[in-house]
Amino acid sequence: MKVQQISLTEDSWSKALASITIDANLFLLFVSPEFRLKQDVLTVLNERFPKTTIIGCSTAGEISDVTVKDNTISLTAIQLEKTKLKKVSFKIKDKNCSQKAGEDIANNLYTKDLRHVIVLSDGLNVNGAELVSGLKTELPNVSITGGLAADGSDFNKTFVINNTDIVDKTIIGLGFYGADLNIGYSSKGGWDSFGIERLVTKSDKNVLYELDGSPALEIYKSFLGDKANDLPSSGLLFPLSMRTNIDSTPVVRTILGISEKEQSLTFAGNIPEGSYVRLMKANIDRLINGAEDSAIAANKNLNENSELALLISCVGRRLVLKQMVEEEVEVVRDVIGDKACITGFYSYGEIAPFGEFSPCELHNQTMTITTLSEC
């Protein structure tokens, strides 16, 4: 496995593409929505590498090595020498087909030697929790990681890259095949819960209407104070911790939108009736420690021999960390060592198991890491 990492800017992307020296069979492109020449970049890549699989998505920040940038493309060229690839895509009509999308992608990718799946999805028109449910229902014994495309903190329009095309309302699934691929993965947060735990008394999939019998938006605004005026973007700073029962591991859910008329909150993943939620707030030191813990868990079986680390962190973490955002990438580098190339993006949702023996979940506000190497 050979990996080459390049950060493209609008004034020097053509020269940078000319520096690719490996015979890549996979390109990962994490693209700023503000990068005006993204189609030109994609056209040149497809002309130069017509047989190479190209996938990617829009971001809320591009990770390249230990830097976090805007208005760039984080491009990773990968030459897999022993591992086979297969890419499939699913065009969605609306969020109601998210479960079916996951099932179809999984069934189209599955063979006995399927080792791992990376999923990149439209970030606004997909119910991420149902997408993950469909994937893991059909692939119970295959690891799955990935994330939801982002659009900065605007929540306006996201896209994915599917070889020659830049499209929305699309989900990409990439299968890795063969016993020679080593995979590590983990997802950790670092947020603090506060306030009382409340019962979800009315919801519909990812739309939350009532907590303890009262309007959800009214209760949520009461915690935010003046920051309630900046919803939904300020909601990124105050996610919810949710557990479906007393014994389940909590997952984090982030707000995507609000409805004043219905006094409801729309989240990136489902909030089932009967589940319990608590408000969360940021602790900068704990967020950075969470990124470190994720790297330790993802890399523990590779003994610092990973060749590529794919980092997908939440836009909410970036808004909290601000100028310190690169510290959560730097601690990952400290853990995985100098050998691996680091790429990734800031997202509207992260897809991964918590750790090695956990089922895949949709997360928000986590640092999710996938490490790859070939034997």
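Described in the following lines is the structure provided in the data block. The structure presented is a predicted model; accordingly, all values stated were derived computationally and were not measured. (Residues numbered from 1 in each chain as written. Predicted model: local features only at pLDDT ≥ 70, side-chain atom pairs only at ≥ 80, totals over all residues. Heavy atoms only, no water.)

1. Notes on the sheet that holds strand E4 (residues 62-64)
Then comes step 1: The mixed open sheet is built from 6 strands, whose spatial order is E5-E4-E23-E22-E26-E13. Each edge of the open sheet is held by one strand with a lone partner, namely strand E5 (67-69) and strand E13 (181-188). Taken pair by pair, the neighbouring strands of this sheet meet at an average axis angle of 15 degrees, ignoring direction.
Then comes step 2: Two strands pair when backbone bridges link them, and E4 and E5 are joined in this way by 3 bridges, in the antiparallel orientation. If you follow Ile63 over to E5, its bridge partner there is Val68. (Pairing = 2+ DSSP bridges. Helix = DSSP H or I, 4+ residues; strand = E, 2+ residues; numbered from the N terminus. Axes fitted to C-alpha atoms, helices over the stretch in contact; angles between N-to-C directions.)

2. Side note on empty space enclosed by the protein
Then comes step 1: The tally for this structure, following the rule as stated, stands at 3 cavities of 30 Å³ or more.
Then comes step 2: Each pocket or cavity is described by its volume, and for the largest cavity that value is around 100 Å³.
Then comes step 3: Of all the secondary structure elements, the ones that give two or more residues to the lining of the largest cavity are strand E14 (192-204), helix H5 (216-224) and strand E21 (276-281).
Then comes step 4: Tallying contributions element by element places E14 first for the lining of the largest cavity, with 4 residues.
Then comes step 5: For the lining of the largest cavity, a count of residues per class yields 9 nonpolar, 1 polar and 2 charged.
Then comes step 6: Along its surface, the second largest cavity is lined by Met1, Leu26, Leu28, Ile55, Ile78, Leu80, Ile118, Leu174, Phe176, Leu308 and Leu372.
Then comes step 7: Within the residue set of the lining of the second largest cavity, elements represented by two or more residues are strand E2 (26-31) and strand E12 (170-177).
Then comes step 8: Counted by class, the lining of the second largest cavity contains 11 nonpolar, no polar and no charged residues. (1 Å grid on protein atoms, 1.4 Å probe; cavity = no way out; pocket = protein on both sides within 12 Å on 5 of 7 lines; lining within 4 Å. Points joined across faces, edges and corners; volume = space filled by probe spheres on them. Nonpolar A, V, L, I, M, F, W, Y, C, P; charged D, E, K, R; others polar.)

3. Here we look at the pattern of salt bridges
Then comes step 1: Across all of its chains, the model carries 12 salt bridges by this definition.
Then comes step 2: A salt bridge links Glu361 to Lys136; the nearest nitrogen and oxygen atoms lie 3.7 Å apart. With a gap of 225 residues between them, Glu361 in strand E25 (residues 360-363) and Lys136 in helix H4 (residues 128-138) connect regions that are remote in the sequence.
Then comes step 3: Take Glu361: its relative accessible area is 23%, and that puts it in the partly exposed class.
Then comes step 4: The partner of Glu328 in a salt bridge is Arg317, and the shortest N-O contact between them spans 2.9 Å. (Salt bridge = Lys/Arg side-chain N within 4 Å of Asp/Glu carboxyl O. Buried < 20%, exposed > 50% of the residue type's maximum accessible area, 1.4 Å probe, protein only.)

4. Here we look at the sheet that holds E25
Then comes step 1: With mixed pairing, 6 strands are arranged side by side in an open sheet as E7-E12-E8-E9-E24-E25. Both edges of this open sheet fall to strand E7 (84-91) and E25, since each of them pairs with a single strand only. When the angles between neighbouring strand axes are averaged without regard to direction, this sheet yields 15 degrees.
Then comes step 2: Two elements, strand E8 (residues 114-121) and strand E9 (residues 143-148), share 6 bridges in a ladder whose sense is parallel. Following the sheet pairing, Val119 is matched in E9 by Gly146.
Then comes step 3: Of the strands in this sheet, E7, E8 and E12 are in contact with helix H3 (residues 98-109), which crosses E7 at around 155 degrees. (Contact = heavy atoms within 4.5 Å.)

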